[in-house]
Amino acid sequence: MQLDSGPTTAFYGTFIHSKSSQEIEIISNGLLLVSASGTIVSLDKDVEEENISKILASHGNSALSVKKFKKGEFCIPGFIDTHNHAPQWTQRGTGRGLLILRWLNEVTFPHESKFEDPKYAEEVYAKLVDGFLKQGVTTASYYGSLHLEATKILARICVEKGQRALVGKCNMERNAPDYYRDKSNIESLEETEDLIRYIKTELDPQGLLVQPILTPRFAICCDGELLEGLGQIAKRQPNLMIQTHFDEAMQEVEATMQLFPEFNNEADLYEHYGLFNDRSVLAHCIYPNEYEIGRMKACNVGVSHCPVSNTTGGEWGAAPIRRYLDLGIKVGLGTDSGGGFSSSILEAMRQAIITSNARQRMTDGKDKELTRDEIFYLATLGGARVCCLDHKIGSFAPGKEFDALHVSMLPEADAASTMIEDSDSIETIFEKFVMSGDDRNLVSVFVRGKSVKPSQSRQSK
Ligand code: GUN
Ligand code: FE
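Residues numbered from 1 in each chain as written. Chains lettered and ligands numbered in written order. Predicted model: local features only at pLDDT ≥ 70, side-chain atom pairs only at ≥ 80, totals over all residues.

Per an unreviewed UniProt entry, the recorded name for the protein chain is Guanine deaminase, and the organism is Talaromyces atroroseus. Looking at the protein chain in UniProt, the text filed under Pathway (unreviewed entry) is "Purine metabolism; guanine degradation; xanthine from guanine: step 1/1." (UniProt positions renumbered as here; feature names shortened; annotations may be inferred.)

Listed below in structure tokens is the structure:
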């Protein structure tokens, strides 16, 4: 019998990952060994082909077959989507031009309410998880709808299909229509605890793939009592993650301040209720003032940068991502689909560059635009840090789990973007993928060492 610590899978070729927010590492002729449980056992660099068997023998498994990446192919860590709304999968991009509160009431709430029907949830969530895996999203932080049963279904489907995920039942007891809001704060909290118990004791007791996450929609939909109750749950469970929308739109900030006149800003509000700490994943973060940025840094919150929805929803906004990175605040990328029209992290990466360009202009050059390597970091290691999973994923450091994408830029990948030339360096090929590749360039998708790419229909967004 194979011991778990020994390798059971081997990959040979080019590996690319982030060493920091600024720096990528390109490992040529790398030999990466993975154990049966999906952990990276070792990553040797500059290995001559004739030395592979010697290294395998030193791990006690010289007969291991080796998956080789060809020239024009490489392996990167899986993408991490730090913010997305599972029940908005079939409404992506609709309701353009509407400001946030109207968009929620007219487009989103009527749509999300359909997830009361478990059969509908089963059908849509199966497509959603397949769709994300196909696009290389190996980890997603999901908002569910407010429905407990549908959200359990989402968590179960993630486990069945092998996607790593944080899954939350959305808390929203007010400022939403009667047909789509929690019946009471007590029920909202009880159902939240029920989901946590289900995931932690029934579905994935070892926490291999799926973990629960507290998900107050935003303070407009949650009064002080509900936020207080959620904060108490967070306090009792020190590893439980938290996600909400933060300083997303001027209309939203104004409405929040009217509902909570006792606070001067959203940072103080969420901090007061115990929901603003190193386990918080805060979507958008476009409009914090200097004081709030200071609290974000001091409390070590994570920023989910959602450039697609930020710039195509009703209110255009460019979050100060350069400032966050300079200050060492954790930042990752979110598709925010369906407020974001695309569920592709590659598209979010490109939109992050476009938005940072605008920000550079808006600040007279002070906030420098993001680089290719920084957007790659945000999509991988940065996202892992935001989700407090960087001890497990985000790069190819031995000891982490093998969540990875086998990328091919060769003509047989049949991607419209395929355009590499013999003279291209690996750096250029990588850049072509980052800037113009899509899911057709993903030959395989791995989570915990297992191949999880669904085989059916084509998806490119
Ligand atoms: N704020 C509260 N709910 C939502 C939502 O569903 N999408 C976005 N983008 N912002 C929100
Ligand atoms: Fe959102």
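Visitor: Run through the overall build of the protein chain, naming residues and quoting values.
Guide: When its secondary structure is counted, the protein chain shows 14 helices and 17 strands. In terms of overall dimensions, the protein chain has a C-alpha envelope of 70 × 55 × 40 Å along the principal axes. Here the contacts in the protein chain between residues at least 6 apart in sequence split such that 73% fall between residues at least 24 apart. (Helix = DSSP H or I, 4+ residues; strand = E, 2+ residues; numbered from the N terminus. Contact = placed C-beta atoms within 7 Å.)

Visitor: Describe unusual backbone geometry, and please don't skip the residues or the numbers.
Guide: Serine 337 connects to glycine 338 through a cis peptide bond whose omega is 0°. Structurally, glycine 338 can be placed in the loop between strand 14 (330–333) and helix 12 (345–362). The phi dihedral of aspartate 247 falls on the positive side, at around 45°, and the residue is not glycine. Within the fold, aspartate 247 resides in the loop between strand 11 (241–246) and helix 7 (250–259).

Visitor: Please set out the packing of helix 5 (residues 185–203) against helix 6 (residues 224–236) residue by residue, giving values where relevant.
Guide: It is the contact of helix 5 with helix 6, at a shortest axis distance of 9 Å, that shows an interaxial angle of 25°. In terms of orientation, helix 5 and helix 6 fall into the roughly parallel class. Between helix 5 and helix 6 the crossing geometry is right-handed. Here helix 5 contributes Asn185, Ser188, Leu189, Thr192 and Glu193 to the contact with helix 6, which in turn contributes Glu225, Leu226, Gly229 and Ile233. Here the contact of helix 5 with helix 6 is built from residues that sort into three nonpolar, four polar and two charged. (Axes fitted to C-alpha atoms, helices over the stretch in contact; angles between N-to-C directions. Parallel < 35°, antiparallel > 145°, perpendicular 65-115°, else oblique. Left-handed = near helix turned anticlockwise from the far one by under 90°. Nonpolar A, V, L, I, M, F, W, Y, C, P; charged D, E, K, R; others polar.)

Visitor: Requested: an account of the nonpolar core, with residues and values cited.
Guide: Leu32, Tyr125, Leu154, Cys158, Val167, Met349 and Ala379 are the most contacted members of the largest nonpolar core, which totals 121 residues. In terms of residue count, the dominant contributor to this core is helix 13 (residues 372–386) (eight residues). Counting contributing residues, this core receives three or more from each of domain 1 (7–77 + 395–451) and domain 2 (79–386). Excluding residues that lie within four positions of it along the chain, alanine 379 makes contacts with Phe79, Ile80, Leu333, Ile345 and Met349. (Core = buried A, V, L, I, M, F, W, Y, C linked by C-beta atoms within 7 Å. Buried ≥ 20, exposed ≤ 12 C-beta atoms within 10 Å, placed from the backbone. Domains from an automatic or database assignment.)

Visitor: Hey, could you go over the environment of proline 307 for me, with residue numbers and the actual values?
Guide: Among the structural elements, proline 307 can be located in helix 10 (residues 307–312). Classification of proline 307 by C-beta neighbours within 10 Å gives buried; the count is 31. Placed 30 residues apart in sequence, proline 307 and serine 337 show a C-alpha to C-alpha distance of 11 Å. With near-sequence residues (within four places) excluded, proline 307 lies in contact with Ala348, Gln351, Ala352 and Thr355.

Visitor: Quick one: what's the story with helix 4 (residues 148–161), residue by residue and with numbers?
Guide: Look at helix 4: 20 Å from first C-alpha to last across 14 residues, which is about the 20 Å you get at 1.5 Å a residue. Where helix 4 is buried, its residues meet helix 3 (118–134), strand 7 (137–143), strand 8 (164–168), helix 5 and strand 10 (210–216). Trailing helix 4 by a residue or two, glycine 162 shows a phi angle of about 85°, which is positive. (Expected span 1.5 Å × (residues − 1).)

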